[in-house]
Each structure stands twice: as structure tokens, then as C-alpha cells.
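Read off the chains here:
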There are 2 protein chains.
Amino acid sequence: MARSKEFEIHEVLDKAMILFWEQGYEKTSMSDLVEHMGIHRRSLYDTFGDKHSLFLQAMDRYIGKVETRLTQEVKQSETATEAMRAVFRFMIAEQDHSPSGCMIVNSMTELAARDAEINIKSMRSLASTEEMFERIIVWGQQTGEFSSGCEPKEAAEYLQALSIGIRAMGRTTVDTEKLVRIMNMAIRFLTQPS
Amino acid sequence: MARSKEFEIHEVLDKAMILFWEQGYEKTSMSDLVEHMGIHRRSLYDTFGDKHSLFLQAMDRYIGKVETRLTQEVKQSETATEAMRAVFRFMIAEQDHSPSGCMIVNSMTELAARDAEINIKSMRSLASTEEMFERIIVWGQQTGEFSSGCEPKEAAEYLQALSIGIRAMGRTTVDTEKLVRIMNMAIRFLTQPS
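Computed from a predicted structure; not experimentally measured.

*Asks:* Would you mind showing me how to read the overall build of chain A here?
*Replies:* For chain A, the count of helices and strands is nine helices and zero strands. Its helices and strands in sequence order give chain A the pattern α-α-α-α-α-α-α-α-α, from N to C terminus. Each principal axis of the C-alpha distribution contributes one length, and for chain A these read about 60 × 40 × 30 Å. Summed over its atoms, the accessible surface of chain A is roughly 9000 Å², and 49% of this surface lies on carbon and sulfur atoms. Considering chain A, the positive charge centre built from 23 side chains and the negative charge centre built from 29 side chains are found 2 Å apart.

Below, the structure is given as C-alpha cells:
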């Protein structure tokens, strides 16, 4: 029995996502994509449109996957501290068979300054992560795990910046241990009385 | 009287640096560079070598300028807190007539994962900034401005990640006020008793 068209679309879109995540937008040519996605150039254009349109769809696919995973990590955690650690560990850890770093952070630094659509998509994704940080901080303040001395919205902005830094450093050969130490210091600051 | 050759080299290299900083490595073609630098293609190759070699020289030029400026900012500060603010403000503020964000952070996310030379250059530049953060923290702990509860090396790693996040966010349309709030929270954490 033939697989559904929807399944195939997700499968080939994932291949485009991985390639863009690994090497960025400009480096990736339509010929690379045709070869890597294993479909005909004509089908690629018919299904996804041009390279820019395919990139936007690959970003949506990436954002959807990451948000699903982060929501799961938070749900499975028994304390706010455990949830915060799970989120940071997901951002630090190299995923098996995945490129290093984060496709959103890469796309921001490569394209947001000159591409309004990428800028908007990146900003929306950051806003969603920031809201998640805020919810975890409120949770931790309610249980007494985190100090009530900081305003959750401001602390979430700060954790957002820190997590972007960690994800950018993940593109280099920096030690994972170093990124874990940075996470620990950020969490320690949240628990200090002000 | 003709200007010295050295002066001209710096002047045209600055033009290449600005173009790479603005649009990244892959987007920038040799034809863009020839046009933007205002020299002949042959002179470009003779003086700077190929695009990759020119990019490495542009990065060195950028790193040199930033380090000189940061050293000045720190020297002119009367307190460690003032020095820390000056460093972050330099990273936050849009420089007049300059592209947004930071060329090192852009180069890291675009290239460090697949280009060993860019990775090494980025890591060296980060190490130098981290040492500067560490010196400011030691200074502030000695004067009692910062809490002695954190280990200067670890706190410097953490500030490094935060500052990379701030510089990456600077490529988007995020408010400068938000980046200033993030800086303030980071400095506040350094002053808290642990």
C-alpha cells in the first residue's frame, strides 16, 4: 500500500530542514536540495515553491518539533528546577544524527537583519520560548524553589538571552561540560535571595 | 602625495569587513567584494588571496577593532560595575553606520561547525572576551561591588554566553530597552549575596 502523501511531505521536508540547519540558507542550493530530498526538481517546486518558501516551511517544521519536545520535557518534570534543567539540557545536548546548534539561532544571525519574514518567524519562536521560561519561573516561585525577588517576565528575557548564547556556542567545538556549568550558574542565580 | 600602501590596505579591508559582517560569508560573492572594495579583482587576489583568506583577514580586523575598543572602555571606567556596563552597552548599541549584531557571533553560527579555521578564530576571540569578563569580576569582588560567592572563571563563562545571546538578538528587531533590561538583571545577579 502506498504511504500517504502527507507522510511523504513531512519526510522530505525533514531532509530539507536538516540540510538548511546544517549549512544555512545561502550555502544550500536548489541542486543540493533536489539531491538531498530525493525528489524531482519539478515536484520540489510544485510542492514547496521556491527555495525561500521551502526554507520558511523547514523553519516551521523545526519550530514545531522543538516546541513539542520542550512541552513534553516540562510536562514530565516534577519540579520547576527539573523542568528548567530539562529545557537547557535539550538546548545543550547534541541530538543524535542532527546538526549542531539551533536552526532558529542560526537563521536569526544569518538572515533576520535582511529578511522580514525570517525576522518575524524568529521573533515569534523566541516569544514562545520566553513564555515557557516565564511559566517555569512562576511555577518555581510558587513552590519556593526560586527566589521571589525577580520579576518572572524579566527573568524569562534574561534566560532567553542566555539560552540563545548557549545554542550559538553549540555550533563551535566548546565543551558540553562548559555549557552545563553555565546552565548551573543561571539556575543558581534564580534560587538566590535578592 | 599618495597615501601609504598600509593605509589603503586597511581602508579596503574595512570595506570587505563591513560587507561580510552585514551579509555573511556565503551570500557575499567575489564580484560583490570587488565592487564594494573599489579595487580591481586582480589586486584583490594579489593583496588578500581568495575569498576565504580575505574573510579570515576581515575577521582579524574586526576582532582587533573590538578588542581595542573594549580595552579602552574598561580602562576609562572608574568602577567594575561601570566597566561591566560599558562592555555590555558596546555589545548592545548599534554602532553608527555599522551592520547590526556581531561579526564573530554571525561567523560562529554560519561557519564554525564546518570550517576549522573559523572555529579556531571564533574560539580564540571568545576566550579573550571571557578573560576580560573574568578580570572585571575579580576587580568588582575586590572592591566589594560584586558578591564573592561566585567563582570568577565560572561567572565569566556565564557572562560570555549571555553576551553572545545579546549579540545574536541584536540581529533581529528586538528593542534595545529589552537588551538593557537583560544586562541589568545579569549585573544584579553578580551583586547578590549567595
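*Asks:* Sorry, what's going on with the relation of the copies chain B and chain A here?
*Replies:* Think of it as a corkscrew move, a rotation about one axis and a shift along it, taking one chain copy to the other. You can overlay chain B on chain A at an RMSD of 0.0 Å; the transform is a turn of 180° with a shift of 0.0 Å along its axis. The two molecules are tied by a two-fold rotation axis, judged by turn and shift. A shared binding surface is used by both copies, with 100% of the interface residues of chain B retained as interface residues in chain A.

*Asks:* Explanation requested: the environment of Arg181 of chain B in the structure shown.
*Replies:* Along the chain, Arg181 of chain B turns up in helix α9 (residues 176-191). Overall, the relative accessible area of 32% leaves Arg181 of chain B in the partly exposed class. Expressed as a C-alpha distance, the spacing of Arg181 of chain B and Leu13 of chain B, which sit 168 residues apart in the sequence, is 35 Å. The contacts of Arg181 of chain B, once residues within four sequence positions are left out, are Glu154 and Glu157 of chain A.

*Asks:* Would you mind showing me how to read the UniProt feature "DNA-binding region" (unreviewed entry) in chain A here?
*Replies:* Following the UniProt record, one finds the feature "DNA-binding region" (unreviewed entry) at residues 29-48 of chain A. Between the end C-alpha atoms of residues 29-48 of chain A the distance is 15 Å, and the span holds 80% helix and 0% strand.

*Asks:* What exactly am I supposed to notice about the interface of chain B and chain A here?
*Replies:* Bring the parts together and some accessible area is lost; that lost area is often taken as the interface size. Listed by partner, the interface residues are 43 residues for chain B and 43 residues for chain A. Roughly 3900 Å² of surface becomes buried between chain B and chain A when both sides are summed, with 65% attributable to carbon and sulfur atoms. Taken together, the links from chain B to chain A amount to four salt bridges. For the salt bridge of Glu157 of chain B with Arg181 of chain A, the shortest nitrogen-to-oxygen distance reads 2.7 Å. At the junction of chain B and chain A, the tally comes to 16 residue pairs in polar contact (both at pLDDT 80 or more). Of all the elements in the fold, those that place two or more residues in the side of chain B that touches chain A are α1 (5-27), α6 (103-112), α7 (116-143), α8 (152-169) and α9 of chain B. The greatest single-element share of the side of chain B that touches chain A, amounting to 12 residues, is contributed by α8 of chain B.

*Asks:* Is there a simple way to think about α8 of chain B in this case?
*Replies:* Residue pairs spaced three or four apart in an α-helix point in one direction, given the helix's 3.6 residues per turn. Helix length check: α8 of chain B, at 18 residues, gives a terminal C-alpha distance of 25 Å against a target of 26 Å (1.5 Å per residue), a fit within 8%. The buried count for α8 of chain B comes to 16 of 18 residues, which makes it a mostly enclosed element.

*Asks:* For this particular structure, what's the right way to read the pattern of salt bridges?
*Replies:* As a working rule, side chains carrying opposite charge can pair if their charged atoms are close by. All names here are of chain A. Taken as a whole and assessed by the stated rule, the structure comprises 16 salt bridges over all chains. Across the salt bridge formed by Arg69 and Glu73, the nearest N and O atoms sit 2.9 Å from each other. In this pair, Arg69 and Glu73 both sit in helix α4 (residues 51-76), four residues apart, roughly one turn of the helix. With a relative accessible area of 32%, Arg69 lands in the partly exposed category. Taken together, the shared-partner salt bridges connect Asp14, Arg61 and Lys65 into one network.

*Asks:* Where do I start with helix α5 (residues 80-92) of chain A in this structure?
*Replies:* The end-to-end C-alpha distance of α5 of chain A, which contains 13 residues, comes to 18 Å, matching closely the 18 Å that a straight helix rising 1.5 Å per residue would cover. In this structure, the buried side of α5 of chain A is in contact with α4, α7 (116-143), α8 (152-169) and α9 (176-191) of chain A.

*Asks:* Just to check I follow, could you spell out the side chain of Asn119 of chain A for this structure?
*Replies:* Among the secondary structure elements, Asn119 of chain A is positioned in helix α7. The contacts of Asn119 of chain A, once residues within four sequence positions are left out, are Ala112 of chain A together with Thr172 and Thr173 of chain B.

*Asks:* Would you mind showing me how to read the packing of aromatic side chains here?
*Replies:* Aromatic ring pairs are described here by two measures, namely the spacing of the ring centres and the angle between the planes. All names here are of chain A. Taken as a whole and judged by the stated rule, the model has 14 aromatic pairs over all chains. Ring plane angle 75° and centroid distance 5.0 Å describe the contact between Trp21 and Tyr62, whose orientation is recorded as edge-to-face. Taken together, the positions of Trp21 in helix α1 (residues 5-23) and Tyr62 in helix α4 put the pair 41 residues apart, joining distant regions of the chain. A relative accessible area of 7% means that Tyr62 is categorised as buried. Between the NZ or CZ atom of Lys51 and the centre of the ring of Tyr25, over which it lies, the distance is 4.3 Å.

*Asks:* What exactly am I supposed to notice about the environment of Ala83 of chain A here?
*Replies:* Residues and elements named next belong to chain A. One can find Ala83 in helix α5. Relative accessible area serves as the criterion here: at 0%, Ala83 is assigned to the buried category. Those residues within four positions of Ala83 in sequence are excluded, and the remaining contacts are Val74, Ser77, Ile136 and Trp139.

*Asks:* Would you take a moment to explain the packing of α4 of chain A against α5 of chain A for this structure?
*Replies:* Between two packed helices, both the angle of their axes relative to each other and the distance between the axes serve to describe the pair. All names here are of chain A. Contact geometry for α4 and α5: axes closest at 8 Å, N-to-C directions at 150°. Between α4 and α5, the crossing angle belongs to the class labelled roughly antiparallel. The two elements α4 and α5 meet at a crossing, and its hand is right-handed. Contacts from Val66, Arg69, Leu70, Glu73, Val74 and Gln76 of α4 reach α5 at Glu82, Ala83, Ala86, Val87, Phe90 and Met91. Looking at the contact of α4 with α5, its residues break down into eight nonpolar, one polar and three charged.

Cut-offs and rules
- Residues numbered from 1 in each chain as written.
- Chains lettered and ligands numbered in written order.
- Predicted model: local features only at pLDDT ≥ 70, side-chain atom pairs only at ≥ 80, totals over all residues.
- Heavy atoms only, no water.
- Helix = DSSP H or I, 4+ residues; strand = E, 2+ residues; numbered from the N terminus.
- Areas by Shrake-Rupley, 256 points an atom, 1.4 Å probe, with all protein chains shown as cover.
- Lys, Arg positive; Asp, Glu negative; His and termini not counted.
- Charge placed at Lys NZ, Arg CZ, Asp CG, Glu CD.
- Least-squares fit on C-alpha atoms with pLDDT ≥ 70 in both.
- Contact = heavy atoms within 4.5 Å.
- Buried < 20%, exposed > 50% of the residue type's maximum accessible area, 1.4 Å probe, protein only.
- UniProt positions renumbered as here; feature names shortened; annotations may be inferred.
- Buried area = accessible area lost by both parts, 1.4 Å probe.
- Salt bridge = Lys/Arg side-chain N within 4 Å of Asp/Glu carboxyl O.
- Polar contact = N/O pair within 3.5 Å; in protein donor to acceptor, adjacent residues only side chain to side chain.
- Expected span 1.5 Å × (residues − 1).
- Phe/Tyr/Trp six-rings, centres within 6.5 Å; stacked < 30°, edge-to-face > 60°.
- Lys NZ or Arg CZ within 6 Å of the ring centre and 35° of its normal.
- Axes fitted to C-alpha atoms, helices over the stretch in contact; angles between N-to-C directions.
- Parallel < 35°, antiparallel > 145°, perpendicular 65-115°, else oblique.
- Left-handed = near helix turned anticlockwise from the far one by under 90°.
- Nonpolar A, V, L, I, M, F, W, Y, C, P; charged D, E, K, R; others polar.

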